[in-house]
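# Understanding the architecture of this molecule
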Amino acid sequence: MHLADDIRDRADDLIALTQALVRIPTLNPPGEHYRDICELIAARLARTGFASEFIRAEGTPGDSDRYPRWNVIARREGTRPGPTVHFNGHTDVVEVGQGWTTDPFAADLIDGRIYGRGTCDMKGGLAAAIVAVEAFLSHTPDFPGAIEISGTADEESGGYGGVAHLARLGRFAHVSAVIIPEPLGKDRICLGHRGVWWAEIETEGRIAHGSMPFLGDCAIRHMGAIVAEMEETLYPALAARRTAMPVVPPQARASTLNLNSVHGGQPELDGFDGWPAPVVPDRCRMVIDRRFLAEEAIGDVKAEIAAAIDRATARRPFSYTIRDMHEVLPSMTARDAPVSAALTRAIAERFGRAPEYVVSPGTYDQKHVDRIGKLDNCVAYGPGILDLAHQPDEYIDVEDMLDAATVMARALGDLLGVGGDAQG
Ligand SMILES: [Zn+2]
């Protein structure tokens, strides 16, 4: 049987596997049910001869006995030496949020789509990769090298308890290619991502009675001056900057800045519904999320923010601090890297056209494979519509999963050196 037909025959199985993954509510934060989903993946892959290892990322952010960061790596040896091809999917999902018309953890199949939190990002992609590998094994039991599939924690919170941890343990040292089936679209190859810098800005004031604010110094007004300065000078400058990276959506080809949160004054106490006291706030903190382009240096990105705040202090004097939280440099795998080339051929064969090469506006676990794992033969390729990620009524289209599974199975054979006729 032709590989694509074989995969099509596995549609019901693919649906059931996706549903089983989605029905485990692996919410992050805090990081629920990681062990459960690792066991499901391991049990599933044991049927086709995979040996699985469970790895807890002890000591990483959020890891505790209540919320252990469990990961699974399943490995299937070939019949002779050769390359190792690795599929990686994160198992965590983001909070549900408001606005759902379906049950987010029921994984209902409605008109060819499976609905639920994590269907698109990215349990549908992980299920497609698993079925792709199973179909490949039934067609090509005699193959060189090895196939690995990992299910990893915490991608949504930076990946430190997941792929970063595995990379630190050297788990990518022997790997030749990594495919991450994030929902970038079945005919697109995602080569990498923009850079990111998170920082916390804190303005300082002086506490006083709220009826005599002239005796204090309001830290929130200082933060307001920073925001006003950003609106007037920084946002227009960022919006005017353009990258040669093929970022999608196109609006993300500019530099962007999100003001993630602002906290000033008295805390909103849980379980307390009384009134606040009249106080001039002496501290205000704002977390910023700056996404930058391959053409921008991280040092310049930071200096630009500091310069904007300094201009704000010219409007009204105040002291401030900037605290670095997290930074990732832009990453982009070459279009002619072996993994990109194999997927390009597989997409051309499946759809009769060349893929679109894209770059993600946000980072994903490729950063850790690249920077810590020192492996640049890594891309994201998987079914689903990126815009649906983290939204209410998130879904994955079954046809898209089947197509992407066919492409992944083809590319796998290609990367193992048994492509073409060997796959029938
Ligand atoms: Zn994802």
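What counts, and at which threshold
Residues numbered from 1 in each chain as written. Predicted model: local features only at pLDDT ≥ 70, side-chain atom pairs only at ≥ 80, totals over all residues. Helix = DSSP H or I, 4+ residues; strand = E, 2+ residues; numbered from the N terminus. Rg over C-alpha atoms; globule rule 2.2 N^0.38 Å. Buried ≥ 20, exposed ≤ 12 C-beta atoms within 10 Å, placed from the backbone. Expected span 1.5 Å × (residues − 1). Arc of directions from axis to C-beta. Contact = placed C-beta atoms within 7 Å. Pairing = 2+ DSSP bridges. Axes fitted to C-alpha atoms, helices over the stretch in contact; angles between N-to-C directions. Domains from an automatic or database assignment. Nonpolar A, V, L, I, M, F, W, Y, C, P; charged D, E, K, R; others polar. Parallel < 35°, antiparallel > 145°, perpendicular 65-115°, else oblique. Left-handed = near helix turned anticlockwise from the far one by under 90°. UniProt positions renumbered as here; feature names shortened; annotations may be inferred. Core = buried A, V, L, I, M, F, W, Y, C linked by C-beta atoms within 7 Å.

### Observations concerning the overall build of the chain
The helix and strand tally for the chain stands at 10 helices and 16 strands. For the chain, the C-alpha radius of gyration of 24 Å lies close to 22 Å, the compact-globule estimate for 424 residues. Considered along the principal axes of its C-alpha atoms, the chain spans approximately 80 × 45 × 40 Å. Every one of the 424 residues in the chain was classed for burial, and the buried ones make up 47%.

### Comments concerning helix α2 (residues 11–22)
In a regular helix each residue adds 1.5 Å, so 12 residues correspond to 16 Å; α2 covers 16 Å between its end C-alpha atoms and thus fits that length. Those residues of α2 not exposed but buried are Leu 14, Ile 15, Leu 17, Thr 18, Leu 21 and Val 22. In an axial view of α2, the angular spread of the buried residues amounts to 165 degrees, which keeps them on one side of the axis. Here the buried face of α2 lies against α3 (34–46), β4 (109–110), β5 (113–115), α4 (119–139), β16 (395–397) and α10 (398–416).

### Overview of the sheet that holds strand β9 (residues 195–204)
As summarised here, the arrangement of the four strands in space is β10-β11-β9-β12, forming an open sheet in which the pairing is antiparallel. Each having just a single partner strand, β10 (256–264) and β12 (319–328) make up the two edges of the open sheet. The sheet shows a mean angle of 15 degrees between the axes of neighbouring strands, taken without regard to direction. The pairing of β10 with strand β11 (residues 283–292) spans eight bridges and is classified as antiparallel. Along β11, the bridge assignment pairs His 263 with Arg 285. Packing of helix α6 (residues 219–240) onto the sheet brings it into contact with β9, β10 and β11, and relative to β10 it is tilted by some 175 degrees.

### Concerning the sheet that holds β16
Each strand in a sheet pairs with another by means of backbone hydrogen bonds, the pair being arranged parallel or else antiparallel. An order of β4-β5-β16 is seen for the three strands of this open sheet, with the pairing classed as antiparallel. Two strands bound the open sheet, and with one partner strand each, they are β4 and β16. Pairing of β4 with β5, which is carried by two bridges, proceeds in the antiparallel orientation. Looking at the pairing, Leu 109 lines up with Ile 114 of β5. The sheet strands contacting α10 are β5 and β16, and the helix crosses β16 at an angle near 60 degrees.

### Some points on the environment of Pro 25
Relative to the helices and strands, Pro 25 is located in the loop between α2 and α3. Considering only alpha carbons, one finds Pro 25 and Ala 51, 26 residues apart in sequence, at a separation of 25 Å. In this view, Pro 25 contacts Glu 32, His 33 and Phe 105; residues no more than four positions away in its chain are not counted.

### Quick word on the domain arrangement of the chain
As assigned here, the chain comprises domain 1 (3–193 + 331–423) and domain 2 (200–328). Taken over C-alpha atoms, the centre of domain 1 sits 36 Å from the centre of domain 2. In this assembly, eight residues from domain 1 lie in contact with nine residues from domain 2. With three residues, the single largest contributor to the side of domain 1 that touches domain 2 is strand β14 (residues 356–360). Looking at the side of domain 1 that touches domain 2, its residues break down into five nonpolar, two polar and one charged.

### Section: the packing of helix α8 (residues 338–351) against α10
At a minimum axis distance of 8 Å, the contact between α8 and α10 shows a crossing angle of 130 degrees. The angle between α8 and α10 falls in the class oblique. Relative to α10, α8 is oriented so that their crossing is right-handed. Counting all contacts with α8, which are made through Pro 338, Val 339, Ala 342, Leu 343, Arg 345, Ala 346, Ile 347, Glu 349 and Arg 350, the residues of α10 involved are Asp 403, Thr 406, Val 407, Arg 410, Ala 411, Asp 414 and Leu 415. A breakdown of the residues in the contact of α8 with α10 according to their chemical character gives nine nonpolar, one polar and six charged.

### A few points about the packing of α6 against helix α7 (residues 298–315)
At their nearest, the axes of α6 and α7 sit 9 Å apart, and the two run at 120 degrees to each other. Considering their axes alone, α6 and α7 lie oblique with respect to each other. α7 is crossed by α6, and the crossing has right-handed handedness. Together, Ala 225, Ile 226, Glu 229, Met 230, Thr 233 and Leu 234 of α6 and Ala 308, Ile 309, Arg 311, Ala 312 and Arg 315 of α7 make up the contact between the two elements. The residue makeup of the contact of α6 with α7, split by class, is seven nonpolar, one polar and three charged.

### Quick notes on the UniProt feature "domain: Peptidase M20 dimerisation" (unreviewed entry) in the chain
Mapped onto this numbering, the UniProt entry gives "domain: Peptidase M20 dimerisation" (unreviewed entry) at residues 192–313. Spanning residues 192–313, this segment combines 31% helix with 25% strand, and its end C-alpha atoms are found 37 Å apart.

### What to know about the environment of Leu 126
Of note, Leu 126 is situated in helix α4. Given 28 C-beta atoms within a 10 Å radius, Leu 126 is considered buried. As a C-alpha pair, Leu 126 and Leu 17 span 109 residues in sequence and 9.5 Å in three-dimensional space. Once you skip the residues sitting within four places of it in the chain, Leu 126 turns out to touch Leu 21, Gly 89, Gly 151 and Pro 181.

### Focus on the nonpolar core
Judged by nonpolar contacts, the single largest core of 110 residues is most densely connected at Ala 132, Ala 405, Met 408 and Leu 412. Split by domain, this core shows at least three residues from each of two domains, domain 1 (3–193 + 331–423) and domain 2 (200–328). Among all residues touching Leu 412, those that are not within four sequence positions of it are Val 85, Ala 132, Val 133, Phe 136 and Ile 147.

### With respect to the pairing of β11
Direction of pairing for β9 relative to β11: antiparallel, over a ladder of 10 bridges. In the sheet register, Gly 195 faces β11, and the bridge partner there is Phe 292.

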